[in-house]
Amino acid sequence: MSKLKWWFRIVGVFYLLLTLMNVYFLFLAGGNQIFTDALPAPMNADPLAGQAFADSWLVFVFEFGVLGAMTLVASRDPAKNRIMAWVIIWAELFRGAVADAIWIARGYSASYYVFIAIHLVIILTGIVFLRQAKAE
């Protein structure tokens, strides 16, 4: 159970750090230009496309914050909160790895392969630690 507890804590803190970093970019650093620059051509030439991407990204950031906080709460009693680990695993699979693969296919930066690798690490370690916790 200790590994699952630490998995919850590490993922929760990681999500909260991503939330803070993204809030900084959304509201304090450079405004929408950062998001416009992240778009594939020809969308990266349209400031309105950047604004729309930033607005959509905000929803994603709020989700990260909530999941991060609730993952830390789940770490208090991992045995009773195993469903939260499955929520994270499935979110990482679809909102993470699958969505990043679709973005790459649609012309977004190949650097999203790095994010796919991070999603897969979270998924695989979560599954392993859930199985170990079940066996205990």
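Basis of the calculations
- Residues numbered from 1 in each chain as written.
- Predicted model: local features only at pLDDT ≥ 70, side-chain atom pairs only at ≥ 80, totals over all residues.
- Heavy atoms only, no water.
- Helix = DSSP H or I, 4+ residues; strand = E, 2+ residues; numbered from the N terminus.
- Buried < 20%, exposed > 50% of the residue type's maximum accessible area, 1.4 Å probe, protein only.
- Contact = heavy atoms within 4.5 Å.
- Areas by Shrake-Rupley, 256 points an atom, 1.4 Å probe, with all protein chains shown as cover.
- Lys, Arg positive; Asp, Glu negative; His and termini not counted.
- Charge placed at Lys NZ, Arg CZ, Asp CG, Glu CD.
- Expected span 1.5 Å × (residues − 1).
- Polar contact = N/O pair within 3.5 Å; in protein donor to acceptor, adjacent residues only side chain to side chain.
- Axes fitted to C-alpha atoms, helices over the stretch in contact; angles between N-to-C directions.
- Parallel < 35°, antiparallel > 145°, perpendicular 65-115°, else oblique.
- Left-handed = near helix turned anticlockwise from the far one by under 90°.

**Considering the overall build of the chain**
Stage number 1. Counting its regular elements, the chain contains five helices and zero strands.
Stage number 2. Moving toward the C terminus, one meets the helices and strands of the chain in the order α-α-α-α-α.
Stage number 3. With the C-alpha coordinates of the chain rotated into their principal frame, the extents come out at 55 × 30 × 15 Å.
Stage number 4. Burial analysis of the chain (136 residues in total) assigns 36% to the buried set.
Stage number 5. Taking the contacts inside the chain whose residues are at least 6 apart along the sequence as the reference set, 69% of them involve residues at least 24 apart.
Stage number 6. Accessible area for the chain stands at about 7,900 Å²; split by element, carbon and sulfur atoms hold 72% of it.
Stage number 7. Each charge sign in the chain was given a centre, from 10 positive and 8 negative side chains, and these centres are 17 Å apart.

**Points about helix α3 (residues 47-74)**
Stage number 1. A rise of 1.5 Å per residue sets the reference length of α3, with its 28 residues, at 40 Å; its end C-alpha atoms lie 40 Å apart and thus fit the reference within 8%.
Stage number 2. Among the residues of α3, the N-terminal cap falls to D46, whose side-chain oxygen and the backbone nitrogen of L48 are separated by 2.9 Å.

**Let's talk about helix α5 (residues 112-135)**
Stage number 1. In this model, α5 (24 residues) spans 35 Å end to end at C-alpha, consistent with the 34 Å of a helix rising 1.5 Å per residue.
Stage number 2. The complete set of buried residues in α5 reads Y112, I116, H119, I122, I123, G126, L130 and A133.
Stage number 3. Among the structural elements, α1 (2-27) and α4 (82-105) are those in contact with the buried residues of α5.

**Re unusual backbone geometry**
Stage number 1. Residues A41 and P42 are joined by a peptide bond in cis, for which omega reads 5°.
Stage number 2. Its location among the elements puts P42 in the loop between α2 (33-38) and α3.

**A word on the packing of α1 against α3**
Helix packing geometry: the angle between the two helix axes and the distance between the axes.
Stage number 1. Packing of α1 against α3 leaves a shortest axis separation of 8 Å and a crossing angle of 150°. When the axis of α1 is compared with that of α3, the two are roughly antiparallel. α3 is crossed by α1, and the crossing has left-handed handedness.

**As for the packing of α3 against α4**
Stage number 1. One way to put it is that α3 packs onto α4 with a least axis distance of 11 Å and a crossing angle of 155°. Viewed along their axes, α3 and α4 adopt a mutual orientation that is roughly antiparallel. Of the two possible hands of crossing, α3 and α4 adopt the one that is left-handed. Contacts between α3 and α4 involve F53, W57, F60, E63, F64, L67, M70, T71 and A74 on the former and, on the latter, M84, V87, I88, A91, R95 and W103.

Fair warning: the whole summary comes from geometry, so function is off the table for now.
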